[in-house]
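# Analysis of the macromolecular model
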Amino acid sequence: KETVKAQSAEIAKLKSELLSKKGDAGEGKKKGTGTAPAHGAHGGGGTDIEEEIDMYLDRPFFSLARHRVGWLTVFLASLSLTAVIMTGFEHTLSRQIELAYFVPL
């Protein structure tokens with residue numbers, strides 16, 4: 001019973017600290033000056049993530065497309081290469097269907 005009481009008191013203390021930190025952050029405190037990491041991990045940093053989302057949504061469409069076109073080209077090339085290789089082994093795959101389970105998607 002003593003352990004449960006001690007844990008309850010610690011939980012209450014942590015909740016009050018958390019609420020006080022949230023109140024401080026709302027009063028114009030600089031981001032990243034608290035004890036929680038500002039990288040969006042489990043330790044905190046939620047406001048930074050919201051700002052990144054807002055910046056992402058504010059970017060023009062063509063800027064986003066230009067940013068992704070390189071990776072999309074690599075994906076399309078690797079997908080085409082996979083199709084060419086699988087065509088070469090189509091006869092083997094039709095005879096031994098178990099090999100199809102090992103083909104990555």
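## Remarks on the overall build of the protein chain
Looking only at helices and strands, the protein chain features 4 helices and 0 strands. Of the regular secondary structure in the protein chain, the N- to C-terminal order runs α-α-α-α. Per-residue burial for the protein chain yields a buried fraction of 5% across its 105 residues. As displayed, the protein chain has an accessible area near 9700 Å², and 65% of this comes from carbon and sulfur atoms.

## Overview of the packing of aromatic side chains
Describing an aromatic ring pair means giving the distance of the ring centres and the angle of the ring planes. Scanning all chains against the criterion turns up 1 aromatic pair. Note on Phe-61 and Phe-62: the rings are 5.4 Å apart at their centroids and 70° apart in plane angle, and the pair reads as edge-to-face. On the basis of relative accessible area, Phe-62 is assigned to the exposed category, the value being 64%.

## Digging into helix H3 (residues 61–88)
With 28 residues, H3 should reach 40 Å at 1.5 Å per residue; the first-to-last C-alpha distance of 39 Å fits that figure. The axis of H3 is deflected most strongly, by about 40°, at Val-69.

## So, the environment of Leu-93
The residue Leu-93 is located in helix H4 (residues 90–95) in this model. Judged by its relative accessible area of 16%, Leu-93 is buried. Those residues in contact with Leu-93 that lie beyond four places of it in its chain are Met-86, Leu-99 and Ala-100.

## Observations concerning the confidence of the model for the protein chain
Chain-level statistics for the protein chain give a pLDDT mean of 79 and a share of 74% at 70 or above. Mean pLDDT values over the elements of the protein chain span from 82, in helix H2 (residues 46–58), up to 90, in H3. Predicted confidence is poor over residues 29–34, with pLDDT under 50, and the contacts of this stretch with residues over four places away or in other chains come to 5 contacts.

## Details of a nonpolar patch on the surface
Among the surface-exposed residues, Ile-49, Ile-53, Tyr-56 and Leu-57 lie close enough to one another that they form a single nonpolar patch of about 380 Å² accessible area. Among the structural elements, Leu-57 can be located in helix H2.

What counts and what doesn't
- Residues numbered from 1 in each chain as written.
- Predicted model: local features only at pLDDT ≥ 70, side-chain atom pairs only at ≥ 80, totals over all residues.
- Heavy atoms only, no water.
- Helix = DSSP H or I, 4+ residues; strand = E, 2+ residues; numbered from the N terminus.
- Buried < 20%, exposed > 50% of the residue type's maximum accessible area, 1.4 Å probe, protein only.
- Areas by Shrake-Rupley, 256 points an atom, 1.4 Å probe, with all protein chains shown as cover.
- Phe/Tyr/Trp six-rings, centres within 6.5 Å; stacked < 30°, edge-to-face > 60°.
- Expected span 1.5 Å × (residues − 1).
- Bend = angle between axes of the 7 residues up to and from the residue.
- Contact = heavy atoms within 4.5 Å.
- pLDDT = per-residue confidence, 0-100.
- Patch = residues over 30% accessible without salt bridge, like charges linked within 9 Å, V, L, I, M, F, W, Y side chains within 5 Å.
- Salt bridge = Lys/Arg side-chain N within 4 Å of Asp/Glu carboxyl O.

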